[in-house]
Structures are given as C-alpha cells and as structure tokens.
Amino acid sequence: EAELIHMFKGIPFTIRSSPELLKSLDTFDAREDDVLLVSYPKSGTHWLAGVTAKLYNTQVTLTSPIEFGDISKLEELNKLSSKRIIPTHLDYNMLPPNFKKKKCKMIYISRNPKDTAVSMYHYYRDNPNLPTVDTWTAFFDLFVKGDVVCGSWFDHFLSWEEHANDKNILFLFYEDMKKDLPKIVKEISLFLGLNVSDNDIQDICKKSSFSEMKSDTEKENSDPSHTVCALTSNRRLIFRKGAVGDWKNHFTPKQNRRFEEIFNEKMKLSKMAKSLTY
Ligand code: PPS
C-alpha cells in the first residue's frame, strides 16, 4: 500500500505521477496560448474544465492534469495542436517555469477547505489508487497535517494567492459558482477574451449543472470535458454530492474548533481568507 504514494520535493504524489515526469516539468515547453486550470484536488476542477471547454465550443484540446502519467505523456502533450487547456493540481512553485515566463492564462479555483477535506475523504475511501483510510477522524488528521496527495491545502492556496493579482491569473471560488454560475461563466469568458452571447452562457450553465454533468458521465458518449481526472475511470467517484457545507455532516464541534485554529494561524497573512470561510 505504501507504494501508492511517493514524495517529490516534500509533497506526496501518487505513483501515477512518475518521478521522471515530475522532474521533467522544469523544462516543459509551454505555449503562449495554453490555458491552465489550477486547483487543489476536490475544489471544482471538473466543473471548471467542463465550463471552459464549452466556452471554446470544442475548438480546444482538454488534457488530463499535466503531472499525471509517465514521461511519454509529456511528449504527447508536445505534439498536441493548439489550443491546449491543461488542468493541474501543482502548487505555484512546482509549476513548469515556462508557463510563468510566457504569462499563460491560468484560472485558479478554490473551495472552502472543510468541504474539500470531506470530498477528498470520500474519494480516498472509494478510490483503490489511494491509500486506505478507515475513518473520517483519521483522514481529518492527515488532511490538517498536509499528509495527503498534493500536500497541504494551506501551502497550495497560499502559493497561488501570492499571484492572485497577476494579470494572467483569474481567482475563482467554488461557492461563487454555486451561487451564480452565469456570472462566473461570463467572468471566465471575458478573462479568456471570448465573445459569448448570453444565450450561450445560459446553455453552458445548463449543461454544467451537477446533475447534468453527473448523468452525462454515465452515458457511453459522454462529453470528454466531464472526465479529466487521471486517478479513476469511475466517474461516480468524481460526481458525489456537489454541495456547499457538507462538512457540517462530518466535522465534530471539536474538529471544527481545531480546524479554525489551524486555519487562522496558517492564513493570518492571507487577504483572501475571508472569502473562504462559509
Ligand atoms: S478532482 O478529482 O480533484 O479533479 O476533483 P474536482 O473535480 O476538483 O472536485 C470534485 C468535487 O466537485 C464536485 N462537482 C461539482 N459540484 C457542483 N457542480 C458541478 N457541476 C460539479 N462537478 C463536480 C464533485 O461533486 C466533488 O465534490 P463532492 O463534495 O465530493 O461532491
């Protein structure tokens, strides 16, 4: 079991991200028109990918996360025609430097870390490619210590927050998408420089609802933008509940106090912390 995970630059990765591939990311050749979709796991990656691919009306290649696979995966990526939409769970420091040098557009989506923790717990429980966790209590401890795939939620968020005001980066919150999806889809389209009619926005929102995306993935010819995860082919593991506040069904009052203490300490210099406590 232990060999399901390996450490790279101090961060736990699954063996589906080979060390050779992670090493070569340093020299990966970015293109100016690449678009990156960035997230800590379980923050709305699939939702954002679905929306973004639909905004381009399929004239793009949506890839699986850049850090997954063996070394041949990077050669495949090099051969793909533009435009490429590339999801990633990498923190800012591990992102291939060429994406930064070329000022590629990047969309960072984050979510209340309490809900992310709960989502990740269920994913760990149901995914044979991840270590076994027996109880929520055990997972909670691993999560707050950052002892889970992709490392500490706090480190990830803070590494990206530092760049939230860069012109090529758009910062989004899962909860805002839940509250007013058309508004956020419009914001994404403006950021990407796409001219999309209000009708198209309505249509994209309809096709990107939780129930639409969940039921679509169960069809044989499902929209490929609904299935970017490289860790499972079982789409039911991705589309679980899609709700805000499920943490309240899992956190004990004591865990909640402990989480908030850690949150307040780790995030004391964060300007965006307020947008995250729901
Ligand atoms: S992954 O594996 O890290 O890429 O997972 P990710 O896509 O980031 O996050 C999965 C959670 O997002 C929820 N989800 C959605 N919520 C609302 N609307 C839509 N369309 C949608 N699509 C996916 C999904 O249900 C997971 O959250 P939980 O709380 O586990 O249900």
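For clarity, every value in this text was computed on a predicted model and none was experimentally measured.

Cut-off values and rules
Residues numbered from 1 in each chain as written. Predicted model: local features only at pLDDT ≥ 70, side-chain atom pairs only at ≥ 80, totals over all residues. Heavy atoms only, no water. Near = heavy atom within 4 Å. Polar contact = N/O pair within 3.5 Å; in protein donor to acceptor, adjacent residues only side chain to side chain. Areas by Shrake-Rupley, 256 points an atom, 1.4 Å probe, with all protein chains shown as cover. Buried < 20%, exposed > 50% of the residue type's maximum accessible area, 1.4 Å probe, protein only. Helix = DSSP H or I, 4+ residues; strand = E, 2+ residues; numbered from the N terminus. Pairing = 2+ DSSP bridges. Contact = heavy atoms within 4.5 Å. Axes fitted to C-alpha atoms, helices over the stretch in contact; angles between N-to-C directions.

**Q** How do you make sense of the site of the ligand when you look at a structure like this?
**A** Near the ligand lie 21 residues; those nearest to it are Thr45, Ser119, Tyr174, Lys241 and Gly242. Within the contact set of the ligand, an oxygen atom lies 2.4 Å away from a side-chain nitrogen or oxygen of Thr45. Contacts to the ligand include Lys241, whose backbone N or O atom sits 2.6 Å from an oxygen atom. For the ligand, the protein covers 98% of the area, taking 650 Å² as the surface of the free molecule.

**Q** What is the right way to look at the pairing of strand 6 (residues 105-110) in this model?
**A** The element strand 6 is extensively covered by neighbouring structure, given that five of its six residues are classed as buried. The pairing of strand 3 (residues 35-39) with strand 6 spans five bridges and is classified as parallel. For Val35, the partnering residue across the bridge sits in strand 6 and is Lys105.

**Q** Explain the sheet that holds strand 4 (residues 61-62) to me, please; I cannot follow it from the model alone.
**A** Think of a sheet as strands paired side by side through backbone hydrogen bonds, with each pair either parallel or antiparallel. The five strands lie next to each other as 4-5-3-6-7, forming an open sheet whose pairing is parallel. Each having just a single partner strand, strand 4 and strand 7 (169-173) make up the two edges of the open sheet. Note that strand 4 and strand 5 (residues 84-88) share two bridges and pair parallel. Bridge pairing links Thr61 to Arg84 in strand 5. Most of the contacts of helix 9 (residues 181-192) go to strand 7, to which it runs at about 170°, and overall it touches strand 3, strand 6 and strand 7.

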